[in-house]
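Fold and geometry: a report
Here is how the chains run, residue by residue.
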Amino acid sequence: MLKPVVHNRIEVSTRCFELKPQVVRIFWGLSALIAAGQVSANCYNENQMATMNALSSLYQNSPTLNSIFTNSNYFDTIGSQDGIPTTSGFINDSLSNYSSCDQSPLQGITPDQIFGMGSMATRINGGKIGHPYNYFGLNQKKRGGGSGDIDFPPLNFWSKIDSDFGSRDTTFSQSGFEFDNHNFVFGADYRLSDAWVGGGSFSYRNSNASFDANRGETKNDSYNGTLYTSYNITEAAYINATASYAGFSYNTHRNIVAPDGSGTLQTSTANASPDGGQYSFSWGGGYDFHHHALTISPYARGEYINLDIDAYSESGSAFAARFGKQTIESLTSTLGIQSAYAFSFPWGVLIPQLRGEWHHQFMDGQRQVKAGFVNDTSNQSFILTSDSPTRDYYTFGAEVSSVLPGGISAFLAYESLLSYSSINSNKLMLGARLEF
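Here is a short report on the structure shown in this document. (Residues numbered from 1 in each chain as written. Predicted model: local features only at pLDDT ≥ 70, side-chain atom pairs only at ≥ 80, totals over all residues. Heavy atoms only, no water.)

**Overview of the overall build of the protein**
Inclusion rule: In DSSP terms, a helix is any run of H or I states spanning at least four residues, a strand is any run of E spanning at least two, and both are numbered starting from the N terminus. Burial classes: relative accessible area under 20% of the type maximum marks a residue as buried, over 50% as exposed, and values in between as partly exposed (1.4 Å probe, protein chains only). Whether two residues are in contact is decided by their heavy atoms: any pair within 4.5 Å suffices. Here the accessible surface of atoms and residues is derived via Shrake-Rupley with a 1.4 Å probe, and residues count as covered only by protein chains that are part of the display.
Each helix and strand counted, the protein has seven helices and 24 strands in total. By residue count, 53% of the 436 residues in the protein fall in the buried class. A separation of at least 24 residues holds for 68% of the contacts in the protein among residues at least 6 apart in sequence. Summed over all atoms, the accessible surface of the protein reaches about 18,800 Å², with 56% contributed by carbon and sulfur.

Laid out in structure tokens, this is it:
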């Protein structure tokens, strides 16, 4: 009988569990059953099956993990030849204690958390770009319903804070996560004429996605510069546009649960710090219908986002993965309507607003990412595939803003994403504007 050989045992600082022999049988039985075509695709998603096929190569070619194959304590009772487990041995010995639709043996290793990056960029916000001109009526020269009317001066400085929070549900094909994003924006604009406003802004955004089942997290710090303009064609009709670029700095932590070469179920963490860049454009227009202090404003908008994430490799785990470059594109159209009513007071103007939008996604589709295991010396690759996006969805928003004679304006707003499959997303916004 061969003596156990252990090479470079996985080092972890988290919990270990005693690995029962049947767990190893299940783990490798799955590999053989999938290879033999005897496990239904209805039980395992294509990412898990692709990962399992690549694991066979990893265990045979990784100096760290090939001890599992040479450790006869595992396989001499479940069908092996020269220390290598056989397909027939797995099939015959695994099924008696095995639920064929239990995804847990594969879920801990499948690196589908990578799709959280694209979802955070184009889906949880409905593919929308922040629009400075939406706030405080940059397309208007005054607001109010009488003696409280206030003219906007040429030069204005403004800032806003918005926070997104919600979740992406776990589906059959992709891991879910909870997220929170915090965006800090500072900007200035200048009224070039009675009809034309131009400006720019700079923002810092901190994003965090915590994956379900304690599978890790993805963090992102981004810095964004935006140029924007708004032009009044008439007193009621206007058009506007933005152009922006953002640099992204990610930190990913993927928790992995898998057997090591000594008969113990180990938890390790694969870490990486990839970078990315995003440019985006938006364009649109609308028309304001006024009736005394009431304004009804239908509008339309188009938005394009292009996000590139560099290829990168993880470290810190024997199951660390490498990923190819990602390019994520989003093109959305928006049709919306907003109502606002201006209440005039001696101290200024108070303006509650409601708006609803219908969005259609044209470009963002089912994404594929090329992946492989860092420690597989054969460099075998496999393809990970994301869920498809929802094509038609809605947002609803409510806002209250105030314009004060002393040159200070402020607003508080709430927005919710509706009818987007598997995503629950909400946004709170708070801002202020100072005129000169």
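**Quick notes on the sheet that holds strand 16 (residues 321-323)**
For clarity, the threshold we go by: Whether two strands pair comes down to DSSP finding at least two bridges between them. Orientation is described by lines fitted to C-alpha atoms, with helices fitted over the stretch in contact, and by angles between N-to-C directions that extend from 0 to 180 degrees.
Strand order in the open sheet made by the four strands is 15-16-20-21, with antiparallel pairing throughout. If you trace the sheet from one side to the other, it starts and ends with strand 15 (312-313) and strand 21 (381-385), each paired once. Relative to strand 20 (residues 368-373), strand 16 is paired through three bridges, and the arrangement is antiparallel. Looking at strand 20, one finds that Ala321 is bridged to Phe373. Sheet strands touched by helix 2 (residues 46-61): strand 20 and strand 21. Its angle to strand 21, the strand with the most contacts, is close to 165 degrees.

**Here we look at the pattern of salt bridges**
Basically, it comes down to this: Any Lys or Arg side-chain nitrogen located within 4 Å of an Asp or Glu carboxyl oxygen qualifies as a salt bridge.
Throughout the structure, instances matching the rule amount to 17 salt bridges. Across the salt bridge formed by Asp364 and Arg367, the nearest N and O atoms sit 3.0 Å from each other. Exposure class is identical for Asp364 and Arg367. Each is buried. It is possible to trace a salt-bridge network through shared partners that takes in Lys128, Arg301, Glu303, Arg355, Glu357, Glu399 and Glu415.

**Some thoughts on the side chain of Asn208**
Rules: In the analysis that follows, any N or O atom pair within 3.5 Å is treated as a polar contact, provided that within protein one partner can donate a hydrogen and the other can accept it, and provided that, for residues neighboring in sequence, both atoms belong to side chains.
Summarising the element assignment, Asn208 is placed in strand 8 (residues 196-211). What makes Asn208 buried here is its relative accessible area of 12%. A distance of 3.2 Å separates the side chain of Asn208 from the side chain of Ser210, its partner in a polar contact.

**Points about the packing of aromatic side chains**
For clarity, the cut-off: Ring geometry is summarised as follows: Phe, Tyr and Trp rings, the Trp one being its six-membered ring, pair when their centres sit within 6.5 Å, and such pairs are stacked at plane angles under 30 degrees, edge-to-face over 60 and tilted between the two.
For the structure on display, the rule yields 15 aromatic pairs. Judged by centre distance (6.0 Å) and plane angle (75 degrees), the rings of Phe248 and Tyr250 are edge-to-face. Exposure remark for Phe248: the relative accessible area of 11% places this residue in the buried category. Under the relative-accessibility criterion, Tyr250 is labelled buried at 3%. An angle of 40 degrees between the planes, with centres 5.6 Å apart, marks the rings of Phe373 and Phe382 as tilted. For Phe382, a relative accessible area of 6% puts it in the buried group. Following the ring pairs from residue to residue traces out a cluster consisting of Phe184, Phe202, Tyr204 and Tyr223.

**Brief notes about the side chain of Thr226**
Relative to the assigned elements, Thr226 resides in strand 9 (residues 216-232). A polar contact is formed between the side chain of Thr226 and the side chain of Asn224, at a distance of 2.7 Å.

**A few points about unusual backbone geometry**
For Asn214, which is not a glycine, the phi torsion comes out positive at approximately 55 degrees. Note on placement: Asn214 falls in the loop between strand 8 and strand 9. Although it is not a glycine, Ser419 sits at a positive phi angle of roughly 65 degrees. The residue Ser419 is located in the loop between strand 23 (408-418) and strand 24 (423-435) in this model.

**Topic: the nonpolar core**
The line we're drawing: For the purposes of this section, nonpolar cores are sets of buried Ala, Val, Leu, Ile, Met, Phe, Trp, Tyr and Cys residues that join through side-chain atoms within 4.5 Å.
Residues Leu55, Phe319 and Phe323 are the most contacted members of the largest nonpolar core, which totals 36 residues. Contributing elements (two or more residues each) for this core: helix 2, helix 7 (115-122), strand 10 (237-259), strand 11 (264-272), strand 14 (294-309), strand 16, strand 20 and strand 21. Here this core gets seven residues from one element, more than from any other, and that element is helix 2. One finds Ile124, Phe177, Phe211 and Ile423 within the second-largest nonpolar core, a separate group that totals 10 residues.

**Digging into empty space enclosed by the protein**
This is how the line gets drawn: A cavity here means a set of points on a 1 Å grid, drawn over the protein atoms and nothing else, where a 1.4 Å probe fits but cannot get out; a pocket is an open set with protein on both sides within 12 Å along at least five of seven lines, and a residue lines either one if it has an atom within 4 Å of a point. Grid points are joined across faces, edges and corners, and a volume is the space filled by probe spheres set on the points. Each residue gets one of three labels, nonpolar for Ala, Val, Leu, Ile, Met, Phe, Trp, Tyr, Cys and Pro, charged for Asp, Glu, Lys and Arg, and polar for the others, Gly among them.
Per the counting criterion, the structure on display carries four cavities of 30 Å³ or more. Its boundaries defined by the atoms lining it, the largest cavity holds a volume of some 760 Å³. Contributing to the lining of the largest cavity are 42 residues, with Lys128, Ile129, Gly130, Asn183 and Arg205 lying nearest its centre. Here the lining of the largest cavity is built from residues that sort into 14 nonpolar, 18 polar and 10 charged.

**Overview of the environment of Ala320**
Mapped onto the elements, Ala320 comes out in the loop between strand 15 and strand 16. For Ala320, a relative accessible area of 1% puts it in the buried group. Taking the C-alpha atoms as reference points, Ala320 and Thr269, separated by 51 residues in sequence, lie 8.2 Å from one another. Not counting residues up to four positions away in its chain, the partners in contact with Ala320 are Arg254, Ala270, Glu314, Ser315, Gly372, Phe373 and Val374.

**Quick notes on helix 2**
An α-helical segment advances 3.6 residues per turn. Residues three or four places apart therefore align on the same side. Worth spelling out the cut-off: One less than the residue count of a helix, multiplied by 1.5 Å, gives the span that helix is expected to have.
Compared with the 22 Å implied by 1.5 Å per residue over 16 residues, the 23 Å span of helix 2 between its first and last C-alpha is a close match. For helix 2, every residue scored as buried is listed here: Asn47, Gln48, Met49, Ala50, Thr51, Met52, Ala54, Leu55, Ser57, Leu58 and Tyr59. Where helix 2 starts, the residue carrying a side-chain oxygen 3.0 Å from the main-chain nitrogen of Asn47 turns out to be Asn45.

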